[in-house]
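# Chains, contacts and geometry: an overview
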Amino acid sequence: MNPSGARAVYPFVAIVGQEALKKSLILNVIDPSLSGVLIRGEKGTAKSTAVRALAALLPEIDVVEGCPFQSDPHDRRAMAPDARARFDAGERLPVQRRKARVVELPISATEDRVIGTLDLEHALKEGAKRIEPGLLATANRGILYVDEVNLLDDHVVDVLLDSAAMGVNTIEREGISFTHPARFTLVGTMNPEEGELRPQLLDRFGLCVHVEGLSSPEDRVEVVKRRAAFERDADAFAAQWREQTETLGADIAAAMARHPMVEAEDSILLDIAKRSLAMGVDGHRADIVMLKTAKALAAWHGRDTVVAADVDEAATLALPHRMRRRPFEDVVR
């Protein structure tokens, strides 16, 4: 049994195939400003498994100990109001170091559960108003995972995407307005057979990948064997992949450190603009996301300069879900 007593999570590195899926998640860890990823595909294609397994690869972060909003003790701008007030008063904030989190949002989540609300019980007992943090507070500086995002209430999806884009969440209840940092990477999974997202919502996801069942008999056999071994003894199975997990985590950390130094020449920017125009995408979000993705790819491959191959790969992740569709045209995968 692992030290925390919790059941081991299926290792990210043990997932067979699905390279585009795994790469898109890694890129969002390298550059959280990519605005997340939408993972489309049929059931049983490791979508949820990959996202939950990502937690082991996330970097460690410093948080203000006891702060429900995951405030950054080293950056005043990334603090919640209470932590900022203590910091401005000269208090030395207690620091806790821990892994960034993957927070799962239930499909039945209400707006209050997501955004946060007023703690009425505290108000009645103590005669003072206090905010009850929501899932956006818990997910700050981590990853917010929404399974079957296409079945989530449109208003809740709008709130999630607005917070992901702005980096803040505002709670307004009973005459109180409270704003706290809400910088998170949004990861959504969906089965297209169960309904589509509106084009406006699709565009807000930085990347999009489509996953399918493995077509190789050998790969499918390997999936079954690994899953059986994991269900037989999850901790032992995780231990077998621990070294590879640590190596991948170190590679991601190195790419994160390299990423701020990556540059792209004007010829790369022109190539990106031409691709967006040729594919008929609206607005400029695609160009921005493609550049960010190409830079993250360059960092991942150990380079400090973006090359054409990075743009080629970035285009496959950033463009398909933004292409204009003609009437009666099949949804682009």
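None of these values were measured; they are calculated from a predicted model.

Definitions and limits used
Residues numbered from 1 in each chain as written. Predicted model: local features only at pLDDT ≥ 70, side-chain atom pairs only at ≥ 80, totals over all residues. Heavy atoms only, no water. Helix = DSSP H or I, 4+ residues; strand = E, 2+ residues; numbered from the N terminus. Rg over C-alpha atoms; globule rule 2.2 N^0.38 Å. Buried < 20%, exposed > 50% of the residue type's maximum accessible area, 1.4 Å probe, protein only. Contact = heavy atoms within 4.5 Å. Areas by Shrake-Rupley, 256 points an atom, 1.4 Å probe, with all protein chains shown as cover. Lys, Arg positive; Asp, Glu negative; His and termini not counted. Charge placed at Lys NZ, Arg CZ, Asp CG, Glu CD. pLDDT = per-residue confidence, 0-100. Arc of directions from axis to C-beta. Pairing = 2+ DSSP bridges. Axes fitted to C-alpha atoms, helices over the stretch in contact; angles between N-to-C directions. Parallel < 35°, antiparallel > 145°, perpendicular 65-115°, else oblique. Left-handed = near helix turned anticlockwise from the far one by under 90°. Nonpolar A, V, L, I, M, F, W, Y, C, P; charged D, E, K, R; others polar. Domains from an automatic or database assignment. Buried area = accessible area lost by both parts, 1.4 Å probe. Core = buried A, V, L, I, M, F, W, Y, C linked by side-chain atoms within 4.5 Å. Polar contact = N/O pair within 3.5 Å; in protein donor to acceptor, adjacent residues only side chain to side chain.

### Quick notes on the overall build of the protein chain
Secondary structure assignment for the protein chain yields 14 helices and eleven strands. For 333 residues, the compact-globule estimate of 2.2 N^0.38 gives 20 Å, and the C-alpha radius of gyration of the protein chain, at 21 Å, lies within 12% of that figure. Expressed along its principal axes, the backbone C-alpha trace of the protein chain runs to roughly 65 × 50 × 40 Å. Taking all 333 residues of the protein chain together, 45% fall into the buried category. For the protein chain, long-range pairs separated by at least 24 residues make up 75% of all intrachain contacts whose partners lie at least 6 apart in sequence. Looking at the protein chain as shown, the accessible area adds up to about 17,100 Å², and 51% of this sits on carbon and sulfur atoms. Seen as two clouds, the 43 positive and the 52 negative side-chain charges of the protein chain have centres 1 Å apart.

### A look at the confidence of the model for the protein chain
For the protein chain, per-residue confidence averages 84 on the pLDDT scale, and residues scoring 70 or more make up 91% of the total. The secondary structure element of the protein chain with the lowest average pLDDT is helix α5 (residues 120-126), at 60, and the one with the highest is helix α13 (residues 285-300), at 94. With pLDDT under 50 throughout, residues 326-333 is counted as low confidence; its partners more than four residues away or in other chains account for twelve contacts.

### Quick notes on helix α14 (residues 308-318)
Looking at α14, one finds that the buried residues are D310, V311, A314, A315, L317 and A318. For α14, the buried positions fall inside an angular range of 165° around the axis, keeping them on one side. On its buried face, α14 is in contact with α1 (19-30), β11 (207-211), α12 (266-279) and α13.

### Things to note about unusual backbone geometry
With a phi close to 55°, Q18 is a non-glycine residue in the positive phi region. As for its placement among the helices and strands, Q18 is situated in the segment before α1. Of note, the phi angle at E148 is positive, near 55°, even though the residue is not glycine.

### Details of the sheet that holds strand β4 (residues 102-105)
Taken in spatial order, the five strands make up an open sheet running β4-β7-β10-β1-β11, and their pairing is parallel. Looking at which strands have only one partner, the edges of the open sheet turn out to be β4 and β11. Neighbour-to-neighbour, the strand axes of the sheet open up by a mean angle of 20°, direction not taken into account.

### A word on the pairing of strand β10 (residues 185-190)
Within β10, six of the six residues are buried, leaving the element largely enclosed by the surrounding structure. Every second residue of β10 is oriented toward a common face, with T185, V187 and T189 on one face and L186, G188 and M190 on the other, all of them buried. Bridge count for strand β1 (residues 37-41) against β10 is four bridges, and the pairing is parallel. Within β10, the residue paired with I39 across the bridge is T189.

### Considering the packing of α1 against helix α11 (residues 242-258)
Contact geometry for α1 and α11: axes closest at 9 Å, N-to-C directions at 50°. Considering their axes alone, α1 and α11 lie oblique with respect to each other. At the point where α1 passes α11, the crossing takes the right-handed sense. Residues I26, V29 and I30 of α1 touch α11, and the partners they reach there are L248, I252, A255 and M256. Classifying every residue of the contact of α1 with α11 gives seven nonpolar, no polar and no charged.

### Overview of the domain arrangement of the protein chain
Domain boundaries assigned for the protein chain yield domain 1 (12-228 + 242-251) and domain 2 (259-322). Counting residues at the interface gives 17 residues for domain 1 and 14 residues for domain 2. Summed over both partners, the interface of domain 1 with domain 2 buries about 1,600 Å², with 64% contributed by carbon and sulfur atoms. On the domain 1 side of the interface with domain 2, the three residues burying the most area are K23, I30 and D203, jointly 31% of the side's total.

### What about the environment of L21?
Within the secondary structure, L21 sits in helix α1. Setting aside residues up to four positions removed in sequence, L21 forms contacts with I39, T45, A46, K47, A50, V209 and V211.

### Examining the nonpolar core
Core analysis: the largest hydrophobic core is formed by 58 residues, its most contacted members being F12, L25 and I39. The element best represented in this core is α13, accounting for eight residues. Per-domain counts for this core show at least three residues from each of domain 1 (12-228 + 242-251) and domain 2 (259-322). In this structure, F12 is in contact with K22, L25, I26, A50, A53, L54, L57 and L248, ignoring residues within four places of it in sequence. Membership of the second largest hydrophobic core comes to 38 residues, among which are F69, A83, V157 and F205.

### A closer look at the side chain of H321
Considering the arrangement of structural elements, one finds H321 in the segment after α14. Reaching out from H321, the side chain makes a polar contact with the backbone oxygen of F205 at a distance of 2.9 Å. The contacts of H321, once residues within four sequence positions are left out, are L202, F205, G206, L207 and C208.

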